[in-house]
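Here is how the chains run, residue by residue.
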Amino acid sequence: MLRTVTLSFLALLSAALPVRAEDPAAYPTHKIRMLLPYAAGGGGDVVGRLLADRMGKTLGQSIYIENHTGAAGTLGTQMVAASPNDGYTITVGGMTTHVLAPAIYPKLAYDPIKDFTTIGRVGTSSIMLVATKDFSANDIKGLIALAKKGEPIQYGSWGVGSTGQFCAEILMQQRGIKMDHVPFNGIAKLAGDLLGGHISLATLDMATATPLVKDGSIKALAACGERSPSLPDVASYKEQGVAFDRSLSWAMYAPAGLAEPVAKKALGGPEGRARRCRGEGEAACARHHAAIRPRRGAARHQRPRHRGLEAGCQGRGHRGQVNRPRRGARA
């Protein structure tokens, strides 16, 4: 009896003791989760998968992908912030999750600085303003001319508060034109409706746009950001009179408090060996994405109640009203 009580007491005591943290030098000892707040097939997903493949080879450990979408990437990003800071949950974030979302969502469940460890920058890219092949405009000048005729123009992006909407808002504010925003639930659905002719104008990330432009399925009007090496013939916003030339960056994040040796090792050392989605890396993103082209056909999407980046971010407005734009709607 005494022996049984003693063993039970020792078991309870050991359970109450704190678990010793893993030695950073031994990291990683088991598989790593890369939690991506993007739909499969989108630019962020492609960047994450390329990075996971490279990291897995460098670290000698399996890295598996989990996609958790919703609220322009903020739901999945929140899940990362709430995860243990042991280096076994990482993510890829960008302007949407760490710059735009904090600015437009007043009750965002995470702090983009305090709740994360920035492991390192992993690439830069541009956003493409694209259209169906029969769209009347071929560049920003032509688009402005259409808008100034006074007829409505609709454009699609992959969500309220997305980088795609940001690029369209920059264009509208600087050139004094009006376009109605049609947010989609994910970039694959947006590309599918663009290919199906259900919407004529859209913003797409490079991974999605590049193969579609190169094979002639759609055409590109401008690059929001720098001129892309993947589509070198497409002029940038700045080259077409819109004063915006900042590169749009991707970075790898982990929960706040990640040990510095683990952070350095995760990216392959202080300099980082991750493939950069720029130059050859960006072209690799496009080649990788070609295997997961969006299906042609309709997709359900929503239209916000208000214009601008703050559209629908107050109360229930971000849910919008179910509305399908006119087929081929344009000015």
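Everything in this summary refers to the structure shown in the same document. (Residues numbered from 1 in each chain as written. Predicted model: local features only at pLDDT ≥ 70, side-chain atom pairs only at ≥ 80, totals over all residues. Heavy atoms only, no water.)

1. Regarding the overall build of the protein chain
The number of helices and strands found in the protein chain is ten helices and twelve strands. Out of the 331 residues belonging to the protein chain, those deemed buried represent 54%. Within the protein chain, residue pairs in contact and separated by at least 24 positions form 76% of the contacts whose partners lie at least 6 positions apart. (Helix = DSSP H or I, 4+ residues; strand = E, 2+ residues; numbered from the N terminus. Buried < 20%, exposed > 50% of the residue type's maximum accessible area, 1.4 Å probe, protein only. Contact = heavy atoms within 4.5 Å.)

2. Remarks on the nonpolar core
In this structure, Phe 135, Leu 143, Leu 171, Met 179, Leu 201, Leu 221 and Tyr 237 are the most contacted members of the largest nonpolar core, which totals 30 residues. Of all the secondary-structure elements, those providing two or more residues to this core are α4 (95–104), β5 (127–132), α5 (140–147), α6 (163–175) and β9 (218–224). Top element by residues in this core is α6. It accounts for six residues. (Core = buried A, V, L, I, M, F, W, Y, C linked by side-chain atoms within 4.5 Å.)

3. Considering the pairing of strand β1 (residues 32–36)
The element β1 is largely enclosed, with a buried count of five among its five residues. Burial along β1 is two-sided: Ile 32, Met 34 and Leu 36 facing one way and Arg 33 and Leu 35 facing the other are all buried. In terms of handedness, the path from β1 via helix α2 (residues 43–59) over to strand β2 (residues 63–67) forms a crossover that is right-handed. Two strands pair when backbone bridges link them, and β1 and strand β3 (residues 89–94) are joined in this way by two bridges, in the parallel orientation. Looking across to β3, one finds that Met 34 is bridged to Ile 90. (Right-handed = clockwise from strand over helix to strand, strands pointing away. Pairing = 2+ DSSP bridges.)

4. Section: the sheet that holds β2
Spatial ordering of the open sheet is given by β2-β1-β3-β10-β4, a layout of five strands whose pairing is mixed. Each edge of the open sheet is held by one strand with a lone partner, namely β2 and β4 (116–125). When the angles between neighbouring strand axes are averaged without regard to direction, this sheet yields 25 degrees. Note: β1 against β2, five bridges, orientation parallel. (Axes fitted to C-alpha atoms, helices over the stretch in contact; angles between N-to-C directions.)

5. Section: the pattern of salt bridges
Within this structure, the stated rule accounts for five salt bridges. Salt-bridge contacts for Glu 239 lead to Arg 227; the nearest nitrogen and oxygen are separated by 3.0 Å. With Glu 239 in the loop between β9 and β10 (248–255) and Arg 227 in the loop between β9 and β10, this pair connects stretches of sequence that are twelve residues apart. According to the relative accessible area criterion, Arg 227 is partly exposed, its value standing at 34%. When the shortest N-O distance is used, the salt bridge between Glu 260 and Lys 264 registers 3.3 Å. Taken together, the residues Glu 260 and Lys 264, both in helix α9 (residues 260–266) and four residues apart, mark about one turn of the helix. Under the relative-accessibility criterion, Glu 260 is labelled exposed at 52%. Here Lys 264 falls in the partly exposed class, since its relative accessible area comes to 36%. (Salt bridge = Lys/Arg side-chain N within 4 Å of Asp/Glu carboxyl O.)

6. Concerning α2
Counting along an α-helix, one turn takes 3.6 residues, and residues three or four places apart therefore face a common direction. Taking 1.5 Å per residue, 17 residues should reach 24 Å; α2 reaches 24 Å between its end C-alpha atoms and fits that length. Of all 17 residues making up α2, twelve are buried, and the element is well covered by its neighbours. Among the residues making up α2, those that are buried are Gly 43, Gly 44, Asp 45, Val 46, Val 47, Gly 48, Leu 50, Leu 51, Ala 52, Met 55, Gly 56 and Leu 59. (Expected span 1.5 Å × (residues − 1).)

7. Concerning the packing of aromatic side chains
Per the counting criterion, the structure on display carries five aromatic pairs. On the basis of an interplanar angle of 90 degrees and a centroid distance of 5.8 Å, the ring pair of Tyr 38 and Trp 250 is categorised as edge-to-face. Note that Tyr 38 is positioned in the loop between β1 and α2 and Trp 250 in strand β10, a separation of 212 residues in sequence. Each of the two residues, Tyr 38 as well as Trp 250, counts as buried. Measuring from centroid to centroid gives 5.9 Å for Phe 116 and Tyr 253, while their planes differ by 65 degrees, and the two rings are edge-to-face. Here Phe 116, found in strand β4, pairs with Tyr 253, found in strand β10; they are 137 residues apart in sequence, far enough to count as distant. Both residues of the pair, Phe 116 and Tyr 253, belong to the buried class. Here the aromatic cluster, defined as three or more aromatic residues joined through ring pairs, consists of Tyr 110, Phe 116 and Tyr 253. (Phe/Tyr/Trp six-rings, centres within 6.5 Å; stacked < 30°, edge-to-face > 60°.)

8. Some thoughts on the state of the cysteines
The tally for this structure, following the rule as stated, stands at one disulfide. The disulfide bridge from Cys 167 ends at Cys 224, spanning 2.2 Å between sulfur atoms. Handedness of the Cys 167-Cys 224 disulfide follows from its S-S torsion of about -80 degrees: it is left-handed. Here Cys 167, found in helix α6, pairs with Cys 224, found in strand β9; they are 57 residues apart in sequence, far enough to count as distant. A relative accessible area of 1% means that Cys 167 is categorised as buried. (Disulfide = S-S within 2.5 Å.)

9. With respect to the pairing of strand β6 (residues 154–157)
Judged by which residues are buried, β6 turns out to be covered on both faces: Gln 154 and Gly 156 on one side and Tyr 155 and Ser 157 on the other are all buried. Alignment of β6 against strand β7 (residues 180–183), held across four bridges, turns out to be parallel. Opposite Gln 154, over in β7, you have Asp 180 as the bridge partner. You can see the chain leave β6, run along α6 and come back into β7, and the turn it takes is right-handed.

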